[in-house]
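# Overview (structure and organization)
The chain contents come next:
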Amino acid sequence: MENQLLKEKERLVEKLGVIIENKNQLAPVASRIISYVILTGKSGTTFEDLVVNLCASKSTISTHLNHLVDLKQLEYFTKQGDRKRYYTVSQCHIFNHMENMVDAWTSEKQLHFEMKSYKTKMNELITDDAEKFSLEFHNNYISFLDEVTKSVLKLREKIEHNQIK
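What comes next concerns the included structure. (Residues numbered from 1 in each chain as written. Predicted model: local features only at pLDDT ≥ 70, side-chain atom pairs only at ≥ 80, totals over all residues. Heavy atoms only, no water.)

### Side note on the overall build of the protein chain
Basically, it comes down to this: Note on conventions: DSSP H or I runs of at least 4 residues are helices, E runs of at least 2 residues are strands, and numbering of each starts at the N terminus. Atoms counted for the radius of gyration: C-alpha only. Globule rule: 2.2 Å times the number of residues to the power 0.38. Buried means the residue's accessible area, taken with a 1.4 Å probe over protein chains only, is under 20% of the maximum for its type, while exposed means over 50%, and partly exposed covers the values in between.
Within the protein chain, the secondary structure is distributed over six helices and two strands. Seen in sequence order, the protein chain has helices and strands lined up from the N terminus as α-α-α-α-β-β-α-α. For the protein chain, whose C-alpha radius of gyration is 22 Å, the value lies well above the compact-globule estimate of 15 Å for 165 residues. C-alpha extents for the protein chain along the principal axes are approximately 75 × 35 × 30 Å. Evaluated residue by residue, the protein chain yields a buried proportion of 28% over its 165 residues.

Here's what the structure looks like:
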């Protein structure tokens, strides 16, 4: 069973790594590091774990790990009596990611309001009902953006109040 979970983790590290790489314009190894750390959880992962499990050189892991810490995407903690650093995803990074999503959705929503307003004005000038713009898509999309924004803000609040870890 444990071997199956390790294989599944490897598969997910790769799959999530590709998404992070494309979304954040990060190097492949840096993306895999973040993916591995996410899938390791609160216990954190060590430099040595990353070298072994990602099959990359110490210098490559070190370079990308330091870069991710500098970017505040990862943070580390130490354990008393243990000199190793244990890396976890930075809560600051999670909040920044959520804020970026909400900002993008807010801008997109504003654009749809403007397009809807324009189409409404155009519809007043068009006499043939068959030629008029439909506003239904904009109304539905604006509602969708409102709901997804509310959901992310609610999730952020729960994280801030330690209701989700």
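Once the structure has been displayed, the description carries forward.
### Overview of the packing of aromatic side chains
Formally: For Phe, Tyr and Trp, where Trp contributes only its six-membered ring, two rings pair if their centres lie within 6.5 Å, and the inter-plane angle classes them as stacked under 30 degrees, edge-to-face over 60, or tilted in between.
Under the definition given, this model contains four aromatic pairs. On the basis of an interplanar angle of 15° and a centroid distance of 5.5 Å, the ring pair of F137 and Y141 is categorised as stacked. Placement of the pair is F137 and Y141 together in helix 6 (residues 136–160), with a separation of four residues, close to one helical turn. Given the relative accessible area of 52%, F137 is considered exposed. In this structure Y141 comes out as partly exposed when scored by relative accessible area, which is 23%. Ring centres of Y141 and F144 lie 5.8 Å apart, and the angle between their planes is 35°; this geometry places the pair in the tilted category. Of this pair, Y141 and F144 both sit in helix 6, separated by three residues, roughly a single helical turn.

### A look at the side chain of T46
Selection criterion: Here a residue-residue contact requires only that any non-hydrogen atoms of the pair lie within 4.5 Å.
Secondary-structure assignment places T46 in the loop between helix 2 (28–40) and helix 3 (47–54). By relative accessible area, which is 3% here, T46 ends up buried. Not counting residues up to four positions away in its chain, the partners in contact with T46 are K84, R85 and Y86.

### Comments concerning the packing of helix 1 (residues 2–24) against helix 2
Heads up, the rule is: In this description, a line fitted to the C-alpha atoms serves as the axis of each element, helices being fitted only across the stretch in contact, and the angle between N-to-C directions of two axes falls anywhere from 0 to 180 degrees. We call two directions roughly parallel when the angle between them is under 35 degrees, roughly antiparallel when it is over 145, roughly perpendicular when it lies between 65 and 115, and oblique otherwise. Helix crossings are classified by the rotation of the near helix relative to the far one: an anticlockwise turn of less than a right angle makes the crossing left-handed, while a clockwise turn makes it right-handed. Ten residue types, Ala, Val, Leu, Ile, Met, Phe, Trp, Tyr, Cys and Pro, are classed as nonpolar, four, Asp, Glu, Lys and Arg, as charged, and the remainder, Gly among them, as polar.
Contact geometry for helix 1 and helix 2: axes closest at 8 Å, N-to-C directions at 125°. The angle between helix 1 and helix 2 falls in the class oblique. Every pair of crossing elements has a handedness; the one defined by helix 1 and helix 2 is right-handed. Across the interface between the two elements, K9, L12, V13, E14, L16, G17, V18, I20 and E21 of helix 1 pack against P28, S31, R32, I34, S35, Y36, I38, L39 and T40 of helix 2. Per-class residue counts for the contact of helix 1 with helix 2 are ten nonpolar, four polar and four charged.

### Focus on unusual backbone geometry
Phi angles above zero are rare outside glycine, and Q25 is one such case at about 50°. Following the sequence through the fold, Q25 ends up in the loop between helix 1 and helix 2. Positive phi values are uncommon outside glycine, yet C55 reaches one of about 50°. Mapping C55 onto the fold places it in the loop between helix 3 and helix 4 (58–70). The class for C55 is exposed, based on a relative accessible area of 71%.

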